[in-house]
Amino acid sequence: MRNFALTSAPAPERAIAAHGPRREASYIAGGTTLIDLIKLDVLRPHELIDVSRLALDEVERLADGRLRIGAMVTNTDLAHHPLVRDSYPVLSQAILAGASTQIRNLATTGGNVMQRTRCPYYRDVAAACNRREPGSGCDALHGINRMHAVLGVSEACIATHPSDMCVALAALGASLTLQGPDGTREIAFNDFHRLPGEHPEIEHELADGELITHVTLDTPVAGAGAAYLKLRDRASYEFALASAAAVVAVEDGVIRDVRLALGGVATKPWRAVEAEQALDGQPAAISSYEMAAEAALQDAVPREHNAFKIPLARQAIVRALRDAATASEARQGVQG
Amino acid sequence: MMDHTEAPPQDAVEMTVTLTVNGESRPLSLKPNVVLLDALRDRLGLTGTKKGCDHGQCGACTVQIDGKAVNSCLRLAAMCEGQRITTVEGLARDGQLHPVQQAFLERDAYQCGFCTPGQMMSAAALLEDERIGDSDAEVREAMSGNICRCGAYKNILAAIQDARPHSRPADSGGDGR
């Protein structure tokens, strides 16, 4: 592994000052993606700024009902936090469906948002990859693309966003707090990751030196049920072929509020807006969910080896919506 | 502790780091890119912790940091200052095997043994974590980051469930063994 300088930062301001506007610097928290990719020579930072000791490890309910999560809260602690388990079960389920115990113990909330694709061509420095080396081409387009995306793709890149946690965040609605040399700003979670377009190397809206300090979840949907369904090649410790996070509120048999996001099939955490619109005011029934699944996948672009993801994602959507709606109706039964 | 340098990174100066391993203070001078796994094996001679994939995929390098199972191949040693590191060499105490070690022995929960230290470090951590349920399915899920290419999973699971009533923290809390 190439060497680098390592600086420890006791406060965000110090970390940001140490990082500066330099392309070759990188923050390190859990390191589970970064160290892996440095070992593969995919990332070659000259300097790492250790932010793992920053006092950003609290989970707190804000006065307006939202939940503010420090960027250094580990995936394990977030998944098991009582406020998350009670009010945002889909987030807990999604995190626990991802990675392994050891990885979740190190990985952080901010780091999970920043995790890189698992595209094997991105991870192989001998392959052509526009994301790793702009302008070099994309070996996945006509290569082994079974794991690749069908939504949000371009002719420059079809790499799948790998996160489970981010799929739940896309469904729940959240904002990120970004602190940088010029102060602090908020950005909607669903505006943070970029589509690859012609510049897959630009993965997100983070400016030079900016640091994610918090993730704040929108207020929970009243009366909603939730479900995260992840379909994969083996039962544990595997990335999704297709996953769906659904939050559904049913009232008198009609869908009053629905949030749906997809993983394993898109180039960014994918909020299925068309499906949500199609479901608004529809009966809570399988026929509605099937219609929503069609809407979610109408723009899907299959490649040689990944066309199976379209029916797989369709089934994931139908089942996740059904399970979330059933949970919503069960809650109302208890309350009524 | 951590030295900021503008020198070209390949010449980055060594850093002075004190690791607390199995209750003992171990001062080291390390390059920043040394991962905990290599520091334990190559610098401290603690070769019980194994290098498998070196990318966080196999779990052979699992150690505990502050009582939590982690992949030591993905953790920079210099980021571990002040944390309590427990390796397989620290599991036994006062000449007594840890209940997980005893159970692995009795259940024959290994063939080649290469993954065994990592398996036992994960097992000892999960038995002390009340957030992880005690069903076979939950144990299997919690252990999925430890691969056994000999396929000894059945006996590994049995050993963990056998050890459950006798469990104690692997982390000696700094009082030696």
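Quick notes on the rules
- Residues numbered from 1 in each chain as written.
- Chains lettered and ligands numbered in written order.
- Predicted model: local features only at pLDDT ≥ 70, side-chain atom pairs only at ≥ 80, totals over all residues.
- Helix = DSSP H or I, 4+ residues; strand = E, 2+ residues; numbered from the N terminus.
- Rg over C-alpha atoms; globule rule 2.2 N^0.38 Å.
- Buried ≥ 20, exposed ≤ 12 C-beta atoms within 10 Å, placed from the backbone.
- Contact = placed C-beta atoms within 7 Å.
- Arc of directions from axis to C-beta.
- Nonpolar A, V, L, I, M, F, W, Y, C, P; charged D, E, K, R; others polar.
- Axes fitted to C-alpha atoms, helices over the stretch in contact; angles between N-to-C directions.
- Parallel < 35°, antiparallel > 145°, perpendicular 65-115°, else oblique.
- Left-handed = near helix turned anticlockwise from the far one by under 90°.
- Pairing = 2+ DSSP bridges.
- Core = buried A, V, L, I, M, F, W, Y, C linked by C-beta atoms within 7 Å.
- Domains from an automatic or database assignment.

Q: Help me out: how do you make sense of the overall build of chain A in this one?
A: Each helix and strand in chain A was counted, giving eleven helices and twelve strands. For chain A, the C-alpha radius of gyration of 20 Å lies close to 20 Å, the compact-globule estimate for 336 residues. Here the C-alpha coordinates of chain A stretch approximately 60 × 50 × 35 Å along the principal axes. For chain A, buried positions account for 54% of its 336 residues. For chain A, long-range pairs separated by at least 24 residues make up 66% of all intrachain contacts whose partners lie at least 6 apart in sequence.

Q: Help me understand helix α5 (residues 153-163) of chain B, please; the structure alone is not making it clear to me.
A: Residues and elements named next belong to chain B. Among the residues of α5, those classed as buried are Ile-156, Ala-159, Ile-160 and Ala-163. An end-on view of α5 places all buried positions within 100° of arc, on one side of the element. Turning to α5, the residues buried within the fold contact α2 (99-107), α3 (116-127) and α4 (136-142).

Q: Help me understand the interface of chain A and chain B, please; the structure alone is not making it clear to me.
A: How big an interface is tends to be reported as the loss of accessible area on association of its parts. Contacts between the two partners involve 26 residues from chain A, matched on the other side by 32 residues from chain B. For the side of chain A that touches chain B, the element with the most residues is helix α6 (residues 101-106) of chain A, which contributes five residues. The residue makeup of the side of chain A that touches chain B, split by class, is nine nonpolar, 13 polar and four charged.

Q: Where do I start with the packing of helix α5 (residues 89-96) of chain A against helix α8 (residues 165-172) of chain A in this structure?
A: When two helices pack together, their arrangement is given by the angle between their axes and by how far apart the axes lie. Residues and elements named next belong to chain A. Running from N to C, α5 and α8 point in directions that differ by 160°, and their axes come no closer than 7 Å. Considered as vectors, α5 and α8 are oriented roughly antiparallel to each other. In the packing of α5 onto α8, the handedness of the crossing is right-handed. Counting all contacts with α5, which are made through Val-90, Leu-91, Ala-94 and Ile-95, the residues of α8 involved are Met-165, Val-167, Ala-168, Ala-171 and Leu-172.

Q: Looking at this model, I keep getting lost on unusual backbone geometry. Mind explaining?
A: Across residues other than glycine, the phi torsion is negative in most instances, and most of the peptide bonds are trans. Residues and elements named next belong to chain B. The backbone phi angle of Asp-54 is positive, close to 70°, even though this residue is not glycine. Examined against the element boundaries, Asp-54 turns out to sit in the loop between α1 (36-43) and β3 (62-65). The phi dihedral of Asp-108 is positive, around 55°, even though this residue is not glycine. Residue Asp-108 is classed as exposed on the basis of its 11 C-beta neighbours within 10 Å.

Q: Any chance you could explain the sheet that holds strand β3 (residues 47-50) of chain A here in plain terms?
A: Where strands meet in a sheet, backbone hydrogen bonds hold them as pairs that are either parallel or antiparallel. Residues and elements named next belong to chain A. Pairing is parallel across the open sheet formed by three strands, whose spatial order is β1-β3-β2. Every interior strand has two partners, whereas the edge strands, β1 (5-8) and β2 (25-28), have only one. Between one strand axis and the next, the sheet turns by 25° as a mean value, whatever way the strands run. In terms of strand pairing, β2 meets β3 through four bridges, oriented parallel. Bridge pairing in β3 links Ile-28 to Asp-50.

Q: Just checking my understanding: could you explain the nonpolar core for this structure?
A: What tends to happen in soluble globular proteins is that the nonpolar side chains get buried as a cluster. Membership of the largest hydrophobic core comes to 164 residues, with the highest contact counts inside it found for Val-90, Ala-246 and Ile-317 of chain A. When residues are assigned to domains, this core turns out to be shared by domain 1 (10-90) and domain 2 (99-166) of chain B, each giving three or more. Once residues within four sequence positions are removed from consideration, Ile-317 of chain A is found in contact with Ala-244, Leu-260, Ala-275, Tyr-289, Ala-292, Ala-293 and Ala-296 of chain A.

Q: Got a minute to help me understand the sheet that holds β3 of chain B in this structure?
A: All names here are of chain B. Spatially, the five strands line up as an open sheet ordered β2-β1-β5-β3-β4, and their pairing is mixed. Here the strands that pair on one side only, and so sit at the sheet edges, are β2 (24-30) and β4 (68-71). Adjacent strand axes in the sheet meet at a mean angle of 40°, parallel and antiparallel pairs treated alike. Here strand β1 (residues 15-21) pairs with β2 via seven bridges, running antiparallel. Across the sheet, residue Val-17 finds its bridge partner in β2, namely Leu-28. Sheet contacts for α3: β3 and β4; angle to β3, the most-contacted strand, approximately 35°.

Q: Would you explain the domain arrangement of chain B in this entry?
A: Residues and elements named next belong to chain B. Each assigned domain of chain B is listed here: domain 1 (10-90) and domain 2 (99-166). Those elements giving two or more residues to the side of domain 1 that touches domain 2 turn out to be β3 and β4. Of the residues that constitute the side of domain 1 that touches domain 2, the class distribution is six nonpolar, six polar and two charged.

Q: What's the story with the pairing of β4 of chain B in this structure? I'm lost.
A: A regular strand places its side chains so that they alternate between the two faces of the sheet. All names here are of chain B. Judged by which residues are buried, β4 turns out to be covered on both faces: Lys-68 and Val-70 on one side and Ala-69 and Asn-71 on the other are all buried. One ladder, built from four bridges, connects β3 with β4; its direction is antiparallel. Paired with Gln-64 across the bridge in β4 is Ala-69.

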